[in-house]
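Geometric and topological summary
Chain residues, written in single-letter form:
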Amino acid sequence: MEQYNGSQIVVLEGLEAVRKRPGMYIGSTGTRGLHHLIWEILDNGIDEHLAGFCNQLEITLLKDGGISIADHGRGVPVDIHPTKKIPTARVVYTILHAGGKFGGSVYKVSGGLHGVGASVVNALSTRMIVEIRRDGKIYRDEYEHGGHPCVELENGMLPVVGKCNKSDTGTKVTFYPDPTIFETVEFKAETITKKLKEVAFLNKNLSIVFYDQNTGFKKTYCEEFGIKSFVSYINREASVIHEEPIYIEGKSGDIEVEVALQYTNSFSEQINAYCNRINVVDGGTLVTGFKTALTRVMNQYARELGVLKEKDENFDGKDIRNGLVTIISIKHPDPQFEGQTKTKLGNTDAKSAVEDVFSGEVTRFFDKNVEILKAILENSMRSYTARKASDKARSAVLKQLNDIDTKSKLASCSSKKPEECEVYIVEGDSAGGTVKTARNRRTQAVLPLRGKIINVEKATLEKILVNNEIKSMIASFGCGIGEDFDISKLRYDKIIILTDADVDGAHISTLLLTFFYRFMPELIMEGKIYRGLPPLYRVEYETSEGKKKKKFEYIYNDFELDKFRKNTKHKIIHIQRYKGLGEMDAEQLWETTLNPETRVLAQVSITDTVDADETTTLLMSNNVPPRRAFIMDEAKYAKLDI
């Protein structure tokens, strides 16, 4: 037996661990992870703004592929660190979990709580230059090859490279991402400017200057009215019930609360929550506090104004939130996020703070703006009436789900343990037949769809439930829909969308994802939805070493095929392009797409609820010109992110 002892345990120290497992720190090594480096450095400047020491940030895309981010804050400390005995700035940029955000004395409110941001960026860069302005002096430090200092200290201190006014303080970080770690090191100006616009909305009166040296584009982002303008921006194409968004602000203890809301004629609601600028996409206690307060206040007004009679039931929360678009932003001195991804807030005091502030301030607003109140109550009454009238019809449809014969469509798996089961949603009987043959019958179920499902954007639940393909999915999943949805009853750990790698397949995927996002969002939030990524090519080639042998390799897209052609030393004999899943035999399909050991799955996740809602509306609405512009703009950046 092979020995297993201490010598085989590898200890990765410092920044070496970051380079070995970058996904643990920045999520991925694709474009999302690349741009996450910017947000980490940007966060440090925003924290200075929240602390009251910075009113301007500058982001510059450099012609040589690097990026510079400068703030006008206090400047990272340059004195000797009491325990590490090196300049504090070098501690910040080379040691994980080092920062001023842990003790609470430097930053009362902060988004970056783990203290890994600056050092992680350094670890994943080929070069980083730090310039610090403090006390009338300009200090400089530089790192290369993943965070190794390459500037000699002078009497243990960072070298002074210039002088400045004592009032001129701040930190400038320039870095170059490592191409051996990232799939691409090309920053997208569009991605950066979209983020900067959101940052400006969430940090009113913070000026953010963006400059792209490659194109000469320069723009300053600054929002005097903060999240109130954010709501107006989201609803810029919508039909609104009242012209001006309602803006509420206040403080409960140490927690600062801001809420902006506006009603539209849409069927859906959109609640976007932020804690210390972090988009908590799964909501949490701050959202619960808002919903509780809104429902209570509106029902009280409905009774007082006679909108609801004595015999009427109270408005349901969803009646009141129908067509609502809102931003909830709080600043909390000690936020407790659930999970490393920070997607849900758990602090109970956040619930009571939002509830108290919103209840009191929105009551004062409505007492002075009765016409707006009446318009919102009328909207709630329309939703209430429609819901009561359709309850019977919807209940009848939902009861039918139990009687739907899914056996003719759904090929079940034999295991009854949800944690080990998965269901493949495939297009058509042809592909469905191949997948059924190739699958592991114990753990893998297959549900073929006959045709495309309805475009659910702006459609009512009752209309959607008439669609046979949707009814088959609901019956197969077992967790219901709408008010009856219960994720604990889900029969599968993974729901995998498996379509052909063509335009029709992409359209079907988009329709399905829109349905899940609008009517079963918990499936996405809980990480249950995946896209299966079948290969596009099978390349057969002849080896050049020793005895020539024929081998083959699966290629997943055109980019990878070009890369293979340029880099291979072997003679390519034949390239087969798969037009659809039906062209693969069962063995090939198992090896490339179904086998958990070798397949490629992309988990569907939401990191920005505003962006997700805006993109969904843009792609699935009837407004063609903006949709075409979006697709053409994004197409040139399309890349498989594995």
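Please read these numbers as outputs of a predicted model, since none were measured by experiment. Position labels on residues start from 1 in each chain and follow its written sequence. This being a predicted model, a pLDDT of at least 70 is required before a residue's local features are given, and a value of 80 or more before pairs of side-chain atoms are given or counted; all residues contribute to the totals for chains, interfaces and linings. Computation of side-chain values covers all heavy atoms of the structure but excludes hydrogens and water.

Structural notes on the pattern of salt bridges
Note on definitions: salt bridges are taken to be side-chain nitrogens of Lys or Arg within 4 Å of carboxyl oxygens of Asp or Glu. Tallied over the entire structure, the rule returns 21 salt bridges. We note a salt bridge from E48 to R74, for which the minimum N-O separation is 2.8 Å. On the criterion of sequence distance, the pair formed by E48 in helix α3 (residues 31–50) and R74 in the loop between β2 (67–71) and α4 (88–94) is long-range, its members being 26 residues apart. Three labels apply to residues, based on accessible area from a 1.4 Å probe with only protein chains included: buried if under 20% of the type maximum, exposed if over 50%, partly exposed otherwise in between. Classification of E48 as buried rests on a relative accessible area of 6%. Taken together, the shared-partner salt bridges connect D43, D47 and R277 into one network. Counting from the N terminus, the helices are the DSSP runs of H or I reaching at least four residues and the strands are the DSSP runs of E reaching at least two.

Re the side chain of T285
By secondary structure assignment, the location of T285 is in helix α8 (residues 285–304). As used in this structure description, the phrase polar contact means that two N or O atoms lie within 3.5 Å; if the pair is within protein, one of them must be able to donate a hydrogen and the other to accept it, and residues adjacent in sequence are counted only when both atoms belong to side chains. At a separation of 2.6 Å, a polar atom in the side chain of T285 contacts the main-chain carbonyl oxygen of N347. In this structure T285 touches L345, G346, N347, T348, A350 and K351, once residues within four positions along its chain are discounted. Here, two residues are considered to be in contact whenever any of their heavy atoms come within 4.5 Å of each other.

Remarks on the sheet that holds strand β21 (residues 571–577)
Any two strands with at least two DSSP-identified bridges between them are counted as paired. Strand order in the open sheet formed by three strands is β20-β19-β21, with antiparallel pairing between adjacent strands. Edge strands, defined here as strands with exactly one partner in the open sheet, are β20 (550–555) and β21. Averaged over all pairs of adjacent strands, the angle between their axes in this sheet comes to 20°, without regard to strand direction. Both strand β19 (residues 537–542) and β20 contribute to a ladder of six bridges, which runs antiparallel. Opposite Y541, over in β20, you have K551 as the bridge partner. Axis lines are fitted to C-alpha atoms, over the contacting stretch for helices. Their N-to-C directions set the angle, which ranges from 0 to 180 degrees. Running at roughly 10° to β19, helix α17 (residues 558–567) makes contact with β19, β20 and β21 of the sheet.

With respect to the environment of R599
Along the chain, R599 falls in the loop between α18 (586–594) and β22 (601–603). Residues R599 and P535, 64 residues apart in the sequence, show an inter-C-alpha distance of 9.6 Å. For R599, the side chain forms a polar contact with the side chain of E422, separated by 2.6 Å.

Re the side chain of T174
Assignment of secondary structure puts T174 in strand β7 (residues 170–177). Leaving out residues up to four positions away in the same chain, T174 has contacts with L62, I67, S68, R127, M128 and I129.

Here's the deal with the packing of helix α14 (residues 468–477) against helix α15 (residues 503–519)
One can describe the packing of α14 onto α15 by two numbers: an axis separation of 13 Å at closest approach and a directional angle of 60°. Taken as axis vectors, α14 and α15 run oblique relative to one another. Remark: the crossing between α14 and α15 carries right-handed chirality. Listed contacts from α15 to I470, M473, I474 and F477 of α14 are L512, F515 and F516. A breakdown of the residues in the contact of α14 with α15 according to their chemical character gives seven nonpolar, no polar and no charged. We call two directions roughly parallel when the angle between them is under 35 degrees, roughly antiparallel when it is over 145, roughly perpendicular when it lies between 65 and 115, and oblique otherwise. In this scheme, a crossing is called left-handed if the near helix is turned counterclockwise away from the far one by less than a right angle; it is called right-handed if the turn is clockwise. Side-chain classes are defined by residue name, with Ala, Val, Leu, Ile, Met, Phe, Trp, Tyr, Cys and Pro counting as nonpolar, Asp, Glu, Lys and Arg as charged, and the others, Gly among them, as polar.

A closer look at the sheet that holds strand β16 (residues 444–449)
Pairing is mixed across the open sheet formed by five strands, whose spatial order is β16-β15-β17-β18-β22. Both edges of this open sheet fall to β16 and β22, since each of them pairs with a single strand only. Geometrically, the sheet is characterised by an average inter-axis angle of 25° between neighbouring strands, direction not taken into account. By the bridge criterion, five bridges tie strand β15 (residues 422–427) to strand β17 (residues 494–498) in an arrangement that is parallel. Following the sheet pairing, V423 is matched in β17 by I495.

A closer look at the pairing of strand β9 (residues 218–221)
As paired strands, strand β8 (residues 207–212) and β9 are joined by four bridges and run antiparallel to one another. Counterpart to V209 in the pairing with β9 is T220.

Considering the environment of Q588
With respect to the secondary-structure elements, Q588 resides in helix α18. In this structure Q588 comes out as buried when scored by relative accessible area, which is 14%. Taking the C-alpha atoms as reference points, Q588 and A438, separated by 150 residues in sequence, lie 8.5 Å from one another. With residues near it in sequence (within four places) discarded, Q588 still touches R538, Y554, Y578 and E583.

Considerations on the confidence of the model for the protein chain
Per residue, pLDDT captures the predictor's confidence, and it can take any value from 0 to 100. In the predicted model, the protein chain carries a mean pLDDT of 85, and 84% of its residues have values of at least 70. Within the protein chain, no element has a lower average pLDDT than helix α20 (residues 624–635), which sits at 44, and none a higher one than β8, at 98. Contacts from residues 1–12, a stretch scored under 50 in pLDDT, to residues over four places away or in other chains number five contacts. Overall, residues 626–642 carries pLDDT values under 50, and its contacts beyond four positions in sequence, including any with other chains, amount to 26 contacts.

Topic: the packing of helix α6 (residues 189–202) against helix α7 (residues 227–234)
Running from N to C, α6 and α7 cross one another at 135°; their axes reach a closest spacing of 7 Å. Here α7 runs oblique to α6, going by the angle between their axes. When α6 is examined against α7, the residues K197, E198, F201 and L202 are found in contact with a partner set consisting of I227, S229, F230 and Y233. Of the residues belonging to the contact of α6 with α7, the class tally is five nonpolar, one polar and two charged.

A short note on the nonpolar core
Residues enter a nonpolar core if they are buried and are Ala, Val, Leu, Ile, Met, Phe, Trp, Tyr or Cys, with the set joined through side-chain atoms within 4.5 Å. Counting 47 residues, the largest nonpolar core has L42, I59, Y93, F175, I192 and I208 as its most contacted members. The element contributing the most residues to this core is α3, with seven residues. Those residues in contact with F175, other than ones at most four positions away along the chain, are L37, I38, I41, G66, I67, I69, V121, S125, R127, M128 and F187. V257, A293, I328 and Y384 belong to the second-largest nonpolar core, a separate cluster that totals 41 residues.

Brief notes about the packing of aromatic side chains
Two rings from Phe, Tyr or Trp (for Trp, the six-membered ring) form a pair when their centres are within 6.5 Å of each other. A pair whose planes differ by under 30 degrees is stacked, one over 60 is edge-to-face, and the rest are tilted. This model, assessed by the stated rule, comprises 14 aromatic pairs. Aromatic side chains F201 and Y233 sit 5.7 Å apart centroid to centroid with 40° between the ring planes, which places their arrangement in the tilted category. With a gap of 32 residues between them, F201 in helix α6 and Y233 in helix α7 connect regions that are remote in the sequence. Taking the relative accessible area as the measure of exposure, F201 reaches 4% and is therefore buried. Judged by its relative accessible area of 24%, Y233 falls in the partly exposed class. Measuring from ring centre to ring centre gives 5.9 Å for Y301 and F366, while their planes differ by 85°; the resulting arrangement is edge-to-face. On the criterion of sequence distance, the pair formed by Y301 in helix α8 and F366 in helix α10 (residues 348–368) is long-range, its members being 65 residues apart. Accessibility assignment for this pair places Y301 and F366 in one class, buried. Three or more aromatic residues joined by ring pairs make a cluster, and in this case those are F201, F230, Y233 and Y274.

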